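Spelled out from the first residue to the last, the chains are:
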Amino acid sequence: MNTFQRFLLAVIFLSSFMGVVAKDIVNGEVWLDTSGNPINAHGGGILYHNGMYYWYGEYKKGETVLPDWATWECYRTDVTGVSCYSSPDMVNWAFEGIVLPAVPDDTDHDLHPSKVLERPKVVYNAKTKKFVMWAHVESADYSKAAAGVAVSDSPTGPFEYLGSFRPNNAMSRDQTIFVDDDGKAYQFASSENNQTLYINELTDDYLRPTGRYTRNFIDAAREAPAVFKHDGRYYMLSSGCTGWDPNKAELAVADSIMGDWTVIGDPSTGKDADKTFYAQSTYVQPVMGKNNLYIAMFDRWNKIDLENSRYVWLPISITDDKITIPWRESWNFDCINGED
Ligand code: DGJ
């Protein structure tokens, strides 16, 4: 070994010792936060604000149970709240705590442990300077089908719960929020017993629907919507509707956010693509500082041990206007570039 090789080896050894070697995203493994604890943020979404990424998700803690009365696989854990993690690089995540906690002392409250709290998403309202969270709130038997809204002055909470309702008097289950370049926000929600997807325009403060909405993917049973904008067009990634079990993903495109939407097809490629890599979409996050690079976030649910569900994050490949999501066992932000 010559002097240069020895020097290289020393640099590699020292930097890994100091924890500065960029970490790989290893799909399906346990992901640890900066304190060494498993990241617990399922069905989540990311907010980028002032140079930091904030990842919010379902804090699934404790035993997974199938209620005695269950007629379908409605496995659930007690509601414990919505967790938040922060990161400058989308790799190293610091736990910021439970930013919207459960309310154990009021059995009627939406956030009582006996209920269901899913798919929280947080957006920033530049006009009101508030952080606004929308989530799917449910009764234990999934009959409530409503949206809950909470606000905070800080991305790391605490969030104040404002209550729940059915947007435009329609059921609202799997959901996401998308803020367009003009500052207008929209809620995408599986409605009409998960058969039809509603796009609900929100008021300027993002707290309520304006009353303007469209029905999309009618009777197509789309769940787990995740929306992004690329090159002036809107894209929606979604799953089919098979409970906690994986199915085929679908990508759709629209020139106008409220539709009409056109189905492109299944963007997944590679191993287990027909089952979305045994995962389900939850969010698509653009990578700041990279050209047209978007990360598709998925949950790999473990329906009999929901706390032990895992994450699958994959860079979206955009080439010659063809959009695919190729399987990668593991990858590194340093090796991924967006489209030029
Ligand atoms: C599928 C949804 O995408 C999940 O968020 C959850 O509601 C499960 N169904 C419950 O079975």
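Structure: above.
Parameters at a glance
Residues numbered from 1 in each chain as written. Predicted model: local features only at pLDDT ≥ 70, side-chain atom pairs only at ≥ 80, totals over all residues. Heavy atoms only, no water. Salt bridge = Lys/Arg side-chain N within 4 Å of Asp/Glu carboxyl O. Helix = DSSP H or I, 4+ residues; strand = E, 2+ residues; numbered from the N terminus. Buried < 20%, exposed > 50% of the residue type's maximum accessible area, 1.4 Å probe, protein only. Pairing = 2+ DSSP bridges. Axes fitted to C-alpha atoms, helices over the stretch in contact; angles between N-to-C directions. Near = heavy atom within 4 Å. Areas by Shrake-Rupley, 256 points an atom, 1.4 Å probe, with all protein chains shown as cover. Nonpolar A, V, L, I, M, F, W, Y, C, P; charged D, E, K, R; others polar. Core = buried A, V, L, I, M, F, W, Y, C linked by side-chain atoms within 4.5 Å. Contact = heavy atoms within 4.5 Å.

### Details of the pattern of salt bridges
Then, in step 1: The full count for this structure, using the stated rule, is 17 salt bridges.
Then, in step 2: We note a salt bridge from Asp 153 to Lys 130, for which the minimum N-O separation is 2.7 Å. You can see Asp 153 sitting in the loop between β8 (146-152) and β9 (160-165) and its partner Lys 130 sitting in strand β7 (residues 130-138), a full 23 residues away along the chain.
Then, in step 3: What makes Asp 153 exposed here is its relative accessible area of 60%.
Then, in step 4: For Lys 130, a relative accessible area of 31% translates into the label partly exposed.
Then, in step 5: Arg 233 is paired through a salt bridge with Asp 255; the nearest N and O atoms lie 2.9 Å apart. Taken together, the positions of Arg 233 in strand β15 (residues 233-239) and Asp 255 in the loop between β16 (250-254) and β17 (262-265) put the pair 22 residues apart, joining distant regions of the chain.
Then, in step 6: You can call Arg 233 partly exposed: its relative accessible area is 35%.

### Notes on the sheet that holds β15
Then, in step 1: Spatial strand order, β14-β15-β16-β17: four strands in an open sheet with antiparallel pairing. Each having just a single partner strand, β14 (223-230) and β17 make up the two edges of the open sheet. Each neighbouring strand pair of the sheet contributes to a mean axis angle of 30°, computed without reference to strand direction.
Then, in step 2: Pairing geometry for β14 and β15, over six bridges, is antiparallel. Each bridged residue has a counterpart across the sheet, and for Glu 223 the counterpart in β15 is Ser 239.

### Some words on the site of the ligand
Then, in step 1: The immediate surroundings of the ligand are formed by Trp 72, Glu 118, Arg 119, Tyr 142, Asp 174, Glu 223, Gly 243, Trp 244 and Gln 280.
Then, in step 2: Here the ligand, which alone exposes 290 Å², has 97% of that area covered by the protein.
Then, in step 3: Among the residues forming the shell around the ligand, the class breakdown is three nonpolar, two polar and four charged.

### Observations regarding the environment of Ser 239
Then, in step 1: Tracing the backbone through its elements, the reader meets Ser 239 in strand β15.
Then, in step 2: Considering only alpha carbons, one finds Ser 239 and Pro 267, 28 residues apart in sequence, at a separation of 11 Å.

### Remarks on the nonpolar core
General note: in soluble globular proteins, nonpolar side chains tend to be found buried as a group.
Then, in step 1: Ranked by size, the top nonpolar core spans 43 residues in total, and within it Ile 46, Trp 55, Met 90, Trp 93, Leu 237, Trp 313 and Ile 316 carry the most contacts.
Then, in step 2: Secondary-structure elements contributing two or more residues to this core are β3 (52-58), β14, β15, β16, β19 (280-286), β20 (294-300), β21 (310-315) and β23 (322-326).
Then, in step 3: It is β20 that contributes the most residues to this core, five residues altogether.
Then, in step 4: Apart from residues no more than four positions distant in its own chain, Ile 46 is found in contact with Tyr 53, Tyr 54, Trp 55, Met 90, Trp 93, Tyr 283, Gln 285, Met 297 and Trp 313.

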